[in-house]
Amino acid sequence: MEERLIAMFTERFGEEQGKLMAEAIAFASRVHCNQKRDDGTPFITHPLTVASYLLDMGMDAPTVIAGVLHDTVEDGDNVQIADIEKMFGREVAFLVDGVTKLTKSGKQTYVTKKQEQTENLRKLFLAIAEDVRVVIIKLADRLHNMRTIDVCTPAKQIKKSKETIEVYAPLAHRFGMGAIRSELEDLSFRYLMPEEYENIKAQVDVQQKERLELLSSAMEKMKELLKEANIEGSVSGRPKHLYSSYRKMQRNNCTLHELYDLIAIRIIVDTVTDCYAALGVVHATWKPLPGRFKDYIAMPKPNLYRSLHTTVMDEHGIPFEVQIRTKEMHATAEYGIAAHWMYKEGRQSMTELDRRTAWLRQVLEADQDAEDSKEFVDNILKDFLGEYVFVLTPKGEIIDLPVGSTPLDFAYRIHTKVGHHCQHARVNGNVVRLDYKLKTNDVVEIITSNSQPGPSRDWLSIVKTQTAKNKIRQWFKHENREENIQRGREMLEEAAKRHGQSLTILMKPEYLADVLKRHNFATVEDLYSAIGFGGVSAGQVLHKLIDLHRKEERLDELKKRFEESEQELPKKPVHRANPKGIYVHGDPGMAVFFGNCCNPLPGDPIVGYVTRGRGVSVHRADCKNVQSLMQEADRMIEVEWALDEHTSFSATIRVFIEDKPGSLMEVSKVLLSLNVNMTDLSSRSTDDGYAAMEITCTVTGAEQLKMIIANLKKIKQVIDVFRV
C-alpha cells in the first residue's frame, strides 16, 4: 500500500514531493508502530487510506501529506505541531493542526466530554473557515472510520454515527461533496435506526428487479438517441440512497412507491450546450412531469452543485429522474469543493472558490458574536448545516437560509446594519410582514431607514437564525445597559415569586459566584444585563440557583447522617507515613507521631505536645484538641516541617457523590490522571441515592491535597469533597 501511494503521488507531483511523501509515511509509521485499529490491523493503514482518498479526489500535495500525518499529534506520544512544521513545513502543519483535537494539540484540557466535544468542533470550524482543505481531510478521515465501524462496540457505533449524521454529513453537503455525504448518511442510518434501515432496504430490494429492467431499457434507448443527435456522452444508472429516501418519506408523509426519483439516469456530456441539447432529446422522447424540472446550471446551488434535473414518465407510466451535466459538473457534484483542485488549471479560479465559500466568513463573525463556544457551535449547526431554502437578492445572488427563515434573517445575513435598520421587506415585488416564511426562489428586497433606531425586542421571536438573534441581543446589550440591568433584576425577581422562592436566600455569594463563573460574567450587573437583553433566560439562572441551594441542603443532611453513623462504627487504625519530616526544637532525636484527630500535612501550621512515654504528638494548629492541650503549657514544644523530596504522607478525604454506575470509575480516573497512589478506599450508600466515599492516598503535602480535592469537585456526579 505504501509503495503504491508513493508511486502515484510521485507521478502526479514529481520526485521532490515524492521524497517528502516517503518521509511522511516513514514518520507516521514510527509514530503508530505499536498501535492497532479496532479490527486488529496496524493503525498506519488508516492514515494511508485517508491519503489515498485525498489523492483520488485530486487534492494538492500538502493536503495528501497532511492526510498521512493527520493522527500523529492526536494519537502519538510527545509529537507536537511544531515537530510537523519543522519536518514538513508550515502549510502541512496548519492542516494537521486543523484536524487535531484540542486536548492533543497542546491546548487546554476539559472536564466534561460535552465541553471537550464543543471546543473541538469550534476549533475545527474556525480552521475550516481559514482553509477549506481542513474539512476535506476531516471528511476523508470520517469516511474511512465509518466504512470500518462494523468492528466497533455498539456504543461506539451509535456515538460515531450520531456525530456523523449531525455534523459531518451536513458538512459534506454544505461543501457539495455529494458522494461522501450520501455514504456517510447511509452508514449512520444503519446503526442509528437499524429497524427502519432494514425495513426500507427490504422494500427497495423487492422492487430492484423491476426497476433495473426499466433502467436498463431507458439507458440503452438514451444512448441511441444521443448518438443520433451527435451528442458525445456517457449514460449510467444512479442508485437512490436509503437515508435520502427515508427522509423524503418522512417529510412528505408518503410511501416508497410514491417517490419519483427512486430510479434515475445520469447523462454526462462534454459541454453546457450539450447539456441542454440532451435535455431536448429527453423531453422529446418521454413526457416530462410538470413542476419537476430544475435548472441548477443557470442557477447553481451555493455548494457549487450544477446540473439539469427532470422527471419523465416511461411508456408504462412509471416515473424516473434524469440528471444531465458535464464531466466537470459531475466531479463537482461528487467531490464538491475538492473539485476546485482537480480543475485548478481550468475554468475555476481562486476568486470563484472564494465566492462560493463566502458563507465561511460569516462563521468567523458568528464566533465574534457568540457568548461562548457552545453558542458558537450551535449557531453553525443550526444556521449553516441544517436544511435550508434558497432565496435571491434583487441582483440575482443566491442566499441560503435555514427553513423557516424570515426577511429579518435575510437582512441580518446581508449585513448587521441592514438588519438593525430594516423597516419593511418586499418578496417577489410585494410588501410582506417581517415574520413571512421565505420559500426557495423568493426574491427578497430589504427597505431600510435611518429613522429606524434599531431592532425591536419582538424581533427575537421572529428571526429563525441564531446569528440574527445574537446580533439583536448584542445591540440591546450595548445600547441599553442600565435599562437591561433594571429589567433583568425585575425578571429574575418575578421568576422567583412564580416558583415560590426567596431571591434573598438564593442570592448567597457562593451560589452567585458559581452562576457568574458558569455564564462567564464578571459582576452581578453583567448577569442582570444579560437577562434583560435576552442573552440568558431568568428561568435558566433561577433554576441553577435553586439547584445549588437544594444541593447544599442535601449535603448538610448527608454530613449529619454520615457523622451519626460513623459514631456507631469501630475506628479503623490510621497508618501514618514516616514521621521524619518533623524537626523538634530542643530535642531533634525525639520520637514523633501525628495526631489522628487532625492528620497534619506539610503546609499546615503545626504544634507539638510531649506525651508520657510515646514522644511528641504533632497536631494542626487549628485542631480542636489543641485548646485542651494548651492547659499543660509546659508540655507544648515548638516543631516545624523539615522535608526532603522523598518525604510522603497519608491523607484521607471524604467524597459525597451520586450513587450511580460509573461514579467510582470517574473518581478513580481523576486520581489516576493525577498520578495519585490510593492506599485505602471505602464507600457506603445512603437510602436516597448518594454515597460517601472515604479515600486514603499518599501525598507530598497540603497543596497537593488541595489540588486533588479541586479536581475531584469537577466531576459532574460529585456533591462535595473535603479533607478528613
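What counts and how
- Residues numbered from 1 in each chain as written.
- Predicted model: local features only at pLDDT ≥ 70, side-chain atom pairs only at ≥ 80, totals over all residues.
- Heavy atoms only, no water.
- Helix = DSSP H or I, 4+ residues; strand = E, 2+ residues; numbered from the N terminus.
- Expected span 1.5 Å × (residues − 1).
- Buried < 20%, exposed > 50% of the residue type's maximum accessible area, 1.4 Å probe, protein only.
- Arc of directions from axis to C-beta.
- Salt bridge = Lys/Arg side-chain N within 4 Å of Asp/Glu carboxyl O.
- Pairing = 2+ DSSP bridges.

Participant: How would you summarise helix α24 (residues 481–498) if you had to cite specific residues and measurements?
Facilitator: The first and last C-alpha atoms of α24 sit 26 Å apart over 18 residues, in line with the 26 Å expected at 1.5 Å per residue. Where α24 is concerned, the buried positions are Asn-484, Ile-485, Gly-488, Leu-492, Ala-495 and Ala-496. Across the axial projection of α24, the buried residues extend over an arc of 100 degrees, all falling on one side. Of the exposed residues in α24, the ones pointing more than 90 degrees away from its buried face are Glu-482, Lys-497 and Arg-498.

Participant: Account for the pattern of salt bridges, with residues named and values stated.
Facilitator: Per the counting criterion, the structure on display carries 18 salt bridges. The closest approach of N and O atoms between Asp-60 and Arg-133, which form a salt bridge, is 2.7 Å. Placement of Asp-60 in the loop between α3 (45–56) and α4 (61–69) and of Arg-133 in helix α9 (residues 133–147) is noted, with a sequence separation of 73 residues between them. Looking at Asp-60, the relative accessible area reads 11%, which means it is buried. Here Arg-174 makes a salt bridge to Asp-400, at a shortest N to O gap of 2.7 Å. Of this pair, Arg-174 sits in helix α10 (residues 154–174) while Asp-400 sits in strand β8 (residues 398–402), and the two are 226 residues apart along the sequence. Residue Asp-400 is classed as buried on the basis of its relative accessible area, which comes to 6%. Through salt bridges with shared partners, one network takes in Asp-60, Glu-91 and Arg-133.

Participant: Go over the sheet that holds strand β14 (residues 606–610), please, and point to the residues and values.
Facilitator: Ordered in space as β13-β15-β14-β16, the four strands form an open sheet in which the pairing is mixed. The sheet is open, and its two borders are formed by β13 (592–594) and β16 (636–637), each paired with just one other strand. In this structure, β13 lies alongside strand β15 (residues 616–620), joined through three bridges in parallel fashion. Counterpart to Val-592 in the pairing with β15 is Val-616.

Such coordinate-based values are descriptive only and should not be taken to indicate function.
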